[in-house]
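Letter by letter, the chains look like this.
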Amino acid sequence: MSTMATKRDFYEVLGVSKSASAEEIKKAYKKLALKNHPDRNPGDDDAVERFKEAAEAYEALSDPDKRARYDRFGHDGLRGAGGPGGGTQFHDLNDIFESFGDIFGDMFGGGARRGGRNRVVRGADLRAAVTIDLVAAATGCEQDVKLSRKKSCQRCAGSGAEPGTDPEQCDYCGGAGQVVQAQGFFRIQTTCPACRGQGKIVRHKCNTCYGSGRESETVTLNVKIPPGMDNGMQLCLRGEGEAGPNNGPRGDLYVDVRVKEHPIFQRRENHLFFKAPITYTQAVLGTTIEIPLIQGKDELKVAAGTQPGETIRLRGKGLPDPRTGHVGDLHVEIQVVVPKKVSEHHEKLLRDLAGHEESEVHPHRKSWFDKLKDFFSSDVAD
Ligand SMILES: [Zn+2]
Ligand SMILES: [Zn+2]
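In this report, the structure presented in the accompanying data block is examined. All chains use their own residue numbering, which begins from 1 and follows the written sequence. Labels follow written order: the first chain is A, the first ligand is 1, and so on. In view of the model being predicted, local features appear only for residues whose pLDDT reaches at least 70, and side-chain atom pairs are presented and counted only at 80 or more, with totals across whole chains, interfaces and linings using the full set of residues.

**Let's talk about the overall build of the protein chain**
Spelled out, the test is: Runs of H or I in DSSP of at least four residues are treated as helices and runs of E of at least two as strands, each being numbered from the N terminus. Counts of 20 or more other C-beta atoms within 10 Å of a residue's own C-beta define buried residues, counts of 12 or fewer define exposed ones, and intermediate counts define partly exposed ones; C-beta atoms are placed from the backbone. We call two residues in contact when the distance between their C-beta atoms, placed using the backbone, is within 7 Å.
Helix and strand content of the protein chain: 9 helices and 15 strands. Taken over 382 residues, the protein chain has a buried fraction of 26%. By sequence separation, contacts in the protein chain at least 24 residues apart represent 63% of the contacts at least 6 residues apart.

**Observations concerning the sheet that holds strand 9 (residues 253–259)**
The condition is simple: Any two strands are treated as partners once DSSP identifies two or more bridges connecting them. For every element, the axis is a line fit to its C-alpha atoms; helices are fit only across the contacting stretch, and the angle between N-to-C directions ranges from 0 to 180 degrees.
Here 3 strands make up an open sheet; going across it, the order is 1-9-8 and the pairing mixed. Lying at the two open borders of the sheet, with one neighbouring strand each, are strand 1 (126–132) and strand 8 (234–237). Here the average twist between neighbouring strands, direction ignored, is 25°.

**Quick notes on the sheet that holds strand 11 (residues 271–279)**
Across a sheet, strands are paired by hydrogen bonds formed along the backbone, either parallel or antiparallel in direction. The strand order across the open sheet built from 4 strands is 10-11-15-14, with neighbouring strands paired in mixed fashion. Each having just a single partner strand, strand 10 (266–268) and strand 14 (311–314) make up the two edges of the open sheet. Geometrically, the sheet is characterised by an average inter-axis angle of 30° between neighbouring strands, direction not taken into account. Across 4 bridges, strand 14 lies against strand 15 (residues 330–337) in antiparallel orientation. Paired with Arg313 across the bridge in strand 15 is His331.

**Here's the deal with unusual backbone geometry**
A positive phi angle, near 50°, is found at Arg196, a position not held by glycine. Mapping Arg196 onto the fold places it in the loop between strand 5 (186–191) and strand 6 (200–201).

**Some details on helix 2 (residues 22–35)**
Worth spelling out the cut-off: Here the expected length of a helix is defined as 1.5 Å per residue gap, with one fewer gap than residues. The directions from the helix axis to the C-beta atoms are what the arc is built from.
Here helix 2 contains 14 residues, and its C-alpha end-to-end distance of 20 Å stays within 8% of the 20 Å for a straight helix at 1.5 Å per residue. Along helix 2, the residues that are buried comprise Ile25, Ala28, Tyr29 and Leu32. Take helix 2 and look down its axis: the buried residues cluster within an arc of 100°, on one side only. For helix 2, the secondary structure elements touched by its buried residues are helix 1 (10–14) and helix 3 (45–61).

Quick look at the structure:
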């Protein structure tokens with residue numbers, strides 16, 4: 001999703017040193033966010049980009065877990081947990097206001113752009129990846145996926161208010177979340193700038209989540225992978241993404257499936273392919289060979305006179321299509337193997353055969369070793 005060819009270092013983005021304290025990081029972000037805030041830079045796309053970039057850097061560095069991973073592994077360390085580009089990808093500016101709105105305070109009345117009273121906002125989607133082998137892809141399997149995500153803060157049950165205190169009714173709007181302003185002839189109803197549409201104000205912010213109502217958690221999810229998944233396919237786990245602010249519903253988790261190459265089978269969609277070597281005599285006279293299946297083995301009848309490169313198709317021995325359940329085929333390509341070396345007896349039989357076929361063959365060629373023996377024996381004779 002990231003279109004930037006190279007991603008800037010998060011510390012560089014915020015203009016802080018790698019040893020900066022949480023407070024310094026927050027301060028640096030606030031400064032950048034206010035400077036590049038869309039309300040201050042209308043129509044300036046570059047400012048929007050800088051605004052997003054700063055939010056992404058802040059999102060990663062303000063979370064101790066993510067910061068530790070970023071310090072060790074760079075942007076790669078955040079892949080999977082937050083988004084494919086490393087770190088959380090904010091889909092639009094609203095996501096940023098949702099996440100860090102409290103940083104701006106009421107300075108911009110940010111709620112106006114979001115509207116709605118006591119709005120319920122869904123949490124962000126997350127992305128993760130699993131790698132499985134071809135057999136597991138064929139049969140389906142279960143895999144554990146570890147990820148860190150936001151959950152509703154336990155201490156304040158998502159309210160953002162320190163336990164023992166309650167969010168208070170907003171004085172500005174009287175709890176309505178909306179205010180009516182008269183502008184000339186018009187009366188315009190807008191979201192309350194004081195409570196940003198909540199109708200409530202948290203005066204004593206929760207000590208764990210600082211009023212955001214959310215905290216990070218690391219979870220291990222058992223993901224069921226249906227039979228037939230292929231490289232590049234994606235599973236969607238509804239409701240396993242980030243918790244939404246103000247106890248909003250969770251986003252979804254998208255799991256990218258990767259399938260490792262198999263040493264024998266090649267796969268094209270739900271069909272399997274492999275090459276079975278047989279000898280010249282087997283090809284001429286016909287044979288039954290044992291072949292591997294993705295699970296177990298089978299016997300394959302090769303008819304007399306089978307040509308090299310001929311393909312025998314075993315219906316229904318491929319992989320199922322995860323959507324339709326339709327099972328593909330196994331295509332066995334017959335290869336005729338020519339021996340590189342044959343025994344003396346074997347060679348004699350072949351020469352007889354060549355005689356029968358009246359085909360021209362090279363005369364027997366003495367090996368280098370035989371020639372060497374001849375050389376020495378002639379030497380001794382002299
Ligand atoms: Zn809390
Ligand atoms: Zn209000």
